[in-house]
Amino acid sequence: MFSKNKKNSLRGGALYYVIFVVFVLTAITSFYVMYRGAKVMQIGQEMEYFTCMDDLNSALTLYLSDPETYQHSSTNKLILFEDTSRMVQITQKPYGLLDLITAETSYRGKLLSKTILAGKDPFRCDSIALYVPDQQQTLYASGNTTINGNVVVPAKGIQRASIEGKPLRAVQLVSGTHTPSGVSLPGLAQRVVEKLGNIQNLDSLCTQSMPISELYQASIENSVSQNIQWYGSDEDYQISGFEARGGVGFCSVGTILIRKDARLKGTLVSAASIVVEDGFEGDVQLFAQDSLIIGKECYLRFPSVACLSSSDVNNLHMEIGEYSFIEGTLLVYQPHLAAKKPLLTVKEGVVVKGQVYHQGKIQLNGVIHGTLYCEEFYLKTKRAHYKNHLLDNEIDFLKLPRLFVSIDLIQGYHDQAIDVVDQEL
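Reading guide: rules and limits
- Residues numbered from 1 in each chain as written.
- Predicted model: local features only at pLDDT ≥ 70, side-chain atom pairs only at ≥ 80, totals over all residues.
- Heavy atoms only, no water.
- Helix = DSSP H or I, 4+ residues; strand = E, 2+ residues; numbered from the N terminus.
- Buried < 20%, exposed > 50% of the residue type's maximum accessible area, 1.4 Å probe, protein only.
- Contact = heavy atoms within 4.5 Å.
- Areas by Shrake-Rupley, 256 points an atom, 1.4 Å probe, with all protein chains shown as cover.
- Arc of directions from axis to C-beta.
- Phe/Tyr/Trp six-rings, centres within 6.5 Å; stacked < 30°, edge-to-face > 60°.
- Lys NZ or Arg CZ within 6 Å of the ring centre and 35° of its normal.
- Pairing = 2+ DSSP bridges.
- 1 Å grid on protein atoms, 1.4 Å probe; cavity = no way out; pocket = protein on both sides within 12 Å on 5 of 7 lines; lining within 4 Å.
- Points joined across faces, edges and corners; volume = space filled by probe spheres on them.
- Nonpolar A, V, L, I, M, F, W, Y, C, P; charged D, E, K, R; others polar.
- pLDDT = per-residue confidence, 0-100.
- Core = buried A, V, L, I, M, F, W, Y, C linked by side-chain atoms within 4.5 Å.
- Axes fitted to C-alpha atoms, helices over the stretch in contact; angles between N-to-C directions.

As for the overall build of the protein
Turning to step 1, where the next piece is worked out: When helices and strands are tallied, the protein shows four helices and 30 strands.
Turning to step 2, where the next piece is worked out: Within the protein, the proportion of its 425 residues that are buried is 49%.
Turning to step 3, where the next piece is worked out: Across the protein, every contact between residues at least 6 apart in sequence was considered, and the portion connecting residues at least 24 apart equals 52%.
Turning to step 4, where the next piece is worked out: Entry remark: accessible area of the protein is about 21,200 Å², with carbon and sulfur atoms responsible for 52%.

In structure tokens:
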């Protein structure tokens with residue numbers, strides 16, 4: 001009896017063991033099937049993700065590659081393939097003098113987008129180092145003056161001279177081509193003029209802005225793809241002691257003083273007058289209507305803008321203090337004929353890496369690595385004043401970084417991405 005029970009017990013144990021093994025194998029198989037299913041689903045989602053990413057990048061590349069076709073309207077729908085479901089919508093809107101380009105597509109009801117800050121590749125143009133309109137004048141070069149790049153200058157050209165006891169040392173003054181200039185500077189593109197009109201409409205900006213007195217945060221951040229959050233006042237004030245990043249703007253019908261302890265990145269500032277304290281560092285777009293003074297040893301990081309423009313003021317003056325470094329664009333624009341031409345003073349030790357467009361006379365004591373458009377040169381020394389004389393100047397387009405992206409002031413188009421500023425994938 002005992003043997004028989006023992007035998008039945010062994011058979012029962014074996015059965016339980018088999019059931020356990022089958023259960024384990026079934027569980028493992030189920031988990032494996034679920035894992036493979038999840039993996040296949042993940043791979044499918046990743047493939048859709050990369051497909052959407054490719055579509056967004058392809059649409060942006062196509063849009064930027066043919067600006068005259070696509071950039072006349074603020075919205076475009078690009079069908080990349082015969083399959084009309086692969087469609088990307090492109091929208092553009094100004095951000096100061098730059099442009100925000102947003103590409104949007106959808107996948108399973110979810111909107112996917114990518115926003116870039118865009119500008120112009122200067123190396124796709126004429127590589128102009130210097131443009132001076134022909135007003136029947138002669139340009140004179142002395143000392144260590146060198147110009148690398150193509151020049152568009154008056155028919156009388158650039159002649160060798162000796163002033164302040166410094167004859168021209170260079171055997172070859174200009175390394176590029178010479179082209180006769182027209183009677184005036186090339187006009188700003190209409191799109192650029194419209195951007196200036198919007199960003200410098202101080203009555204409208206200050207009316208719609210939040211009062212600067214209500215700004216108590218130590219740090220402000222707003223996506224540049226959203227509407228700009230403006231803070232303003234009808235009185236003078238200073239920007240000091242806090243950080244502002246992205247789509248944040250400051251405006252005033254008076255003067256704004258930017259202290260060196262302000263931390264600004266991608267910020268817009270628009271006022272009647274702007275003063276930047278010595279030692280300031282930041283990435284900003286500055287728009288003034290009366291005067292714009294940048295102090296000593298300041299660093300305006302790429303892609304900064306310093307713009308002085310007015311249709312009412314007759315004595316515009318922009319000044320860049322000693323040993324400051326500007327990466328971006330300097331623009332002095334006056335749409336009407338003024339009794340006194342605007343003056344741009346670039347002091348000793350200043351390096352401008354980018355483009356300068358100046359509708360007036362420039363006192364150039366620093367160097368420009370990029371392009372200079374100006375109407376005339378003005379030089380003041382201890383001994384005398386000189387007109388259209390260059391002394392120890394360096395204007396070198398070839399020292400512009402190859403990846404530098406500027407603002408297309410003349411045509412108004414953009415064909416190169418500066419940075420990806422927002423992405424929802």
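After that view of the structure, there is still more to cover.
With respect to helix α3 (residues 190-199)
Turning to step 1, where the next piece is worked out: For α3, every residue scored as buried is listed here: Arg 191, Val 192, Lys 195, Leu 196 and Ile 199. For α3, the buried positions fall inside an angular range of 140° around the axis, keeping them on one side. Looking at α3, the residues exposed on the side facing more than 90 degrees away from the buried face are Gln 190 and Asn 198.

As for the packing of aromatic side chains
Turning to step 1, where the next piece is worked out: Taken as a whole, this structure holds eight aromatic pairs when the rule is applied.
Turning to step 2, where the next piece is worked out: Look at Tyr 131 and Tyr 373: their rings are 5.3 Å apart centre to centre, the planes differ by 20°, and that puts the pair in the stacked class. With Tyr 131 in strand β5 (residues 128-131) and Tyr 373 in strand β26 (residues 367-380), this residue pair connects regions lying 242 residues apart in the sequence. The exposure classification of Tyr 131 matches that of Tyr 373, with both residues buried.
Turning to step 3, where the next piece is worked out: A ring pair is formed by Tyr 299 and Phe 325, whose centres lie 5.4 Å apart and whose planes are at 70°; its orientation type is edge-to-face. Of this pair, Tyr 299 sits in strand β21 (residues 299-309) while Phe 325 sits in strand β23 (residues 325-333), and the two are 26 residues apart along the sequence.
Turning to step 4, where the next piece is worked out: Tyr 299 sits in the partly exposed class, given a relative accessible area of 26%.
Turning to step 5, where the next piece is worked out: Following the ring pairs from residue to residue traces out a cluster consisting of Tyr 131, Tyr 357 and Tyr 373.
Turning to step 6, where the next piece is worked out: Against the face of Tyr 299 rests Arg 301, its NZ or CZ located 5.9 Å from the ring centre.
Turning to step 7, where the next piece is worked out: Residue placement shows Lys 361 over the ring face of Tyr 378; its charged tip is 5.0 Å from the ring centre.

As for the pairing of β21
Turning to step 1, where the next piece is worked out: Most of β21 sits inside the fold, with eight of its 11 residues counted as buried.
Turning to step 2, where the next piece is worked out: Across six bridges, the pairing between strand β20 (residues 281-294) and β21 is parallel. Bridging across to β21, Leu 286 finds its partner in Ala 306.
Turning to step 3, where the next piece is worked out: When β21 meets β23, the two strands line up parallel, connected through eight bridges. Residue pairing across strands places Tyr 299 opposite Phe 325, the latter belonging to β23.

Section: the layout of surface pockets
Turning to step 1, where the next piece is worked out: In this structure, the largest pocket spans a volume of roughly 510 Å³.
Turning to step 2, where the next piece is worked out: Surrounding the largest pocket, 26 residues form its lining, Lys 120, Cys 125, Tyr 373, Asp 408 and Ile 410 being those nearest its centre.
Turning to step 3, where the next piece is worked out: At the level of elements, α2 (67-70), β5, β25 (351-364) and β26 are the ones that each hand at least two residues to the lining of the largest pocket.
Turning to step 4, where the next piece is worked out: By residue number, the principal contributor to the lining of the largest pocket is β25, which donates four residues.
Turning to step 5, where the next piece is worked out: When its residues are assigned to classes, the lining of the largest pocket shows 15 nonpolar, seven polar and four charged.
Turning to step 6, where the next piece is worked out: Empty space within the second largest pocket amounts to approximately 430 Å³.
Turning to step 7, where the next piece is worked out: Lining the second largest pocket are 21 residues, and of these Val 224, Lys 265, Gly 266, Asp 283 and Val 421 lie nearest its centre.

Quick word on the confidence of the model for the protein
Low pLDDT marks regions whose predicted coordinates should not be analysed in detail.
Turning to step 1, where the next piece is worked out: With 86% of its residues at a pLDDT of 70 or more, the protein shows a mean pLDDT of 86.
Turning to step 2, where the next piece is worked out: Here residues 39-46 scores under 50 on pLDDT; set against residues more than four positions off or in separate chains, the count is zero contacts.

Details of the pairing of strand β6 (residues 139-142)
Turning to step 1, where the next piece is worked out: Examined bridge by bridge, β6 and strand β9 (residues 158-160) share three bridges and lie parallel to one another. Opposite Leu 139, over in β9, you have Ile 158 as the bridge partner.
Turning to step 2, where the next piece is worked out: Relative to strand β28 (residues 389-391), β6 runs parallel, the two sharing three bridges. Bridge pairing links Tyr 140 to His 389 in β28.

Quick word on the nonpolar core
Turning to step 1, where the next piece is worked out: Counting residues in hydrophobic clusters, the biggest one holds 62 residues, and the most contacted among them are Leu 130, Ile 239, Phe 250, Ile 258, Leu 372 and Phe 377.
Turning to step 2, where the next piece is worked out: In this structure, Leu 98, Leu 100, Ile 128 and Val 305 belong to the second largest nonpolar core, which totals 32 residues.

Looking at the environment of Pro 133
Turning to step 1, where the next piece is worked out: Mapping Pro 133 onto the fold places it in the loop between β5 and β6.
Turning to step 2, where the next piece is worked out: Looking at Pro 133, the relative accessible area reads 0%, which means it is buried.
Turning to step 3, where the next piece is worked out: Sequence-wise, Pro 133 and Pro 154 are 21 residues apart; in three dimensions their C-alpha atoms are separated by 6.1 Å.
Turning to step 4, where the next piece is worked out: Setting aside chain neighbours within four positions, we find Pro 133 in contact with Pro 154, Ser 181, Gly 182, Val 183, Ser 184, Leu 185, Cys 374 and Glu 375.

Structural notes on the sheet that holds β28
Turning to step 1, where the next piece is worked out: The strand order across the open sheet formed by three strands is β9-β6-β28, and the pairing between neighbours is parallel. Edge strands, defined here as strands with exactly one partner in the open sheet, are β9 and β28. Looking at each pair of strands side by side, their axes are set apart by 30° on average, direction ignored.

Here's the deal with the environment of Ile 293
Turning to step 1, where the next piece is worked out: For Ile 293, the position within the fold is in strand β20.
Turning to step 2, where the next piece is worked out: A C-alpha to C-alpha distance of 8.6 Å links Ile 293 and Glu 277, two positions 16 residues apart in sequence.
Turning to step 3, where the next piece is worked out: Apart from residues no more than four positions distant in its own chain, Ile 293 is found in contact with Ile 274, Val 275, Val 276, His 317 and Glu 319.

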